[in-house]
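Listed below are the residues making up each chain.
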Amino acid sequence: MQLFYNPTINETTENFSFDKEESKHIIKVLRKKDADILFVTNGLGLLFKTEITLASDNKCTVKILAVEKAVPSKFHLHLAVAPTKMNDRYEWFLEKATEIGIHEITPIICDRSERKVINSERFDKILLTAMKQSNVLFLPKLNKAISFKEFLNKKSDGLQLIAHCEETDKKSLKSVLKPNENVTLLIGPEGDFSEKEIVLALENNYIPVSLGNTRLRTETAAVVACHSVVFVNED
């Protein structure tokens, strides 16, 4: 199934048109024509079966034939991950986490962060492309980049975890995860969290965890954590 995206449609929509860029892709690149079937999601768990009624590369119009609703996850996974020095590494994480099944992402700026500015528009496009390519019906939420301290001041529902590399008493991630439980997990920059940040997280009831016996890059750690949580929640 090839998946398309339109954020404005819902269960009451009968007809709609794609924007010019998407219309051109559908008609010129994919060579779709009148009466062809397209599958579309709004990124909120709805899958629409549609039929092209106007095969225009300026304004491809479709009518909705049927709607299916995906079952929402019984858990919510929120990863707060420091931006990496090289943008492409963070983009790789965003792509893979979307394919695996993440729900929410917050870039956090830490004491040792080498990159403190992100391109939210580009990141959004990567999430959208990964969602469509992997036939996921829920578009992950990308929050604006905030400081580590700001993030800790926000209320998090469920299990709160911090993965760091300091040689201190930590539990293994797999030992603390349970099915159907919301998880918020913090992952630091290339230089890891500072000691001050770790102490602050612990004071805010975050549990220190280990992701394995080897030292992982930021983006690798984030993907490992994402897969671990989703794996525990598989039926």
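See the structure shown above.
Keep in mind that this is a model prediction, so the values were computed, not measured. (Residues numbered from 1 in each chain as written. Predicted model: local features only at pLDDT ≥ 70, side-chain atom pairs only at ≥ 80, totals over all residues. Heavy atoms only, no water.)

I would appreciate a short explanation of the packing of helix 2 (residues 87-100) against helix 7 (residues 218-232) in the present structure.
One way to put it is that helix 2 packs onto helix 7 with a least axis distance of 9 Å and a crossing angle of 10°. Looking at the two axes, helix 2 sits roughly parallel to helix 7. Counted together, Arg-89, Trp-92, Phe-93, Lys-96, Ala-97 and Ile-100 of helix 2 and Glu-219, Thr-220, Ala-222, Val-223, Cys-226, His-227 and Val-230 of helix 7 form the full contact between these two elements. Taken together, the residues of the contact of helix 2 with helix 7 break down into eight nonpolar, two polar and three charged. (Axes fitted to C-alpha atoms, helices over the stretch in contact; angles between N-to-C directions. Helix = DSSP H or I, 4+ residues; strand = E, 2+ residues; numbered from the N terminus. Parallel < 35°, antiparallel > 145°, perpendicular 65-115°, else oblique. Contact = heavy atoms within 4.5 Å. Nonpolar A, V, L, I, M, F, W, Y, C, P; charged D, E, K, R; others polar.)

Please clarify how the environment of His-25 should be interpreted in this entry.
Within the secondary structure, His-25 is located in helix 1 (residues 20-29). Placed 86 residues apart in sequence, His-25 and Asp-111 show a C-alpha to C-alpha distance of 43 Å.

Any chance you could explain helix 7 here in plain terms?
One turn of an α-helix holds 3.6 residues; hence residues three or four places apart share an orientation. If you check helix 7, its first and last C-alpha atoms are 21 Å apart, about what 15 residues at 1.5 Å a residue would give, namely 21 Å. Among the residues of helix 7, those classed as buried are Thr-218, Glu-219, Ala-221, Ala-222, Val-223, Ala-225, Cys-226, Val-229 and Val-230. Buried residues along helix 7 sit in contact with strand 6 (77-81), helix 2, helix 5 (173-176) and strand 12 (183-187). (Expected span 1.5 Å × (residues − 1). Buried < 20%, exposed > 50% of the residue type's maximum accessible area, 1.4 Å probe, protein only.)

For this particular structure, what's the right way to read the pairing of strand 13 (residues 207-210)?
Each regular strand displays side chains that alternate between the two surfaces of the sheet. Pairing of strand 10 (residues 159-163) with strand 13, which is carried by three bridges, proceeds in the parallel orientation. Looking at strand 13, one finds that Leu-161 is bridged to Ile-207. The pairing of strand 11 (residues 171-172) with strand 13 spans two bridges and is parallel. In the strand pairing of strand 13, Ser-172 is matched with Ser-210. (Pairing = 2+ DSSP bridges.)

Explain the nonpolar core to me, please; I cannot follow it from the model alone.
Taken as a class, soluble globular proteins show a tendency for nonpolar side chains to be buried jointly. Of all hydrophobic cores here, the largest spans 32 residues; its most connected members are Leu-79, Phe-93, Leu-161 and Leu-185. Here the element with the most residues in this core is helix 7; it accounts for seven residues. Setting aside anything within four residues of it in sequence, one finds Leu-185 in contact with His-78, Leu-79, Ala-80, Leu-161, Ala-163, Leu-173 and Ala-225. (Core = buried A, V, L, I, M, F, W, Y, C linked by side-chain atoms within 4.5 Å.)

I would appreciate a short explanation of the packing of aromatic side chains in the present structure.
Any two aromatic rings considered together are summarised by their centre-to-centre distance and by the angle between their planes. Scanning all chains against the criterion turns up five aromatic pairs. Centre to centre, the rings of Tyr-90 and Phe-123 are 5.4 Å apart; their planes meet at 20°, and the pair counts as stacked. Placement of the pair is Tyr-90 in helix 2 and Phe-123 in helix 3 (residues 120-133), with a sequence separation of 33 residues. Take Tyr-90 and Phe-123: they sit in the same class, and that class is buried. Through a chain of ring-to-ring contacts, the aromatic side chains of Phe-4, Phe-16 and Phe-18 assemble into a single cluster. (Phe/Tyr/Trp six-rings, centres within 6.5 Å; stacked < 30°, edge-to-face > 60°.)

I would appreciate a short explanation of the pairing of strand 4 (residues 46-54) in the present structure.
Of the strand pairs in this sheet, strand 3 (residues 37-41) and strand 4 are connected by five bridges, and their pairing is antiparallel. Within strand 4, the residue paired with Val-40 across the bridge is Phe-48. Relative to strand 5 (residues 61-69), strand 4 runs antiparallel, the two sharing eight bridges. Each residue of the ladder has a partner; that of Glu-51, found in strand 5, is Lys-63.

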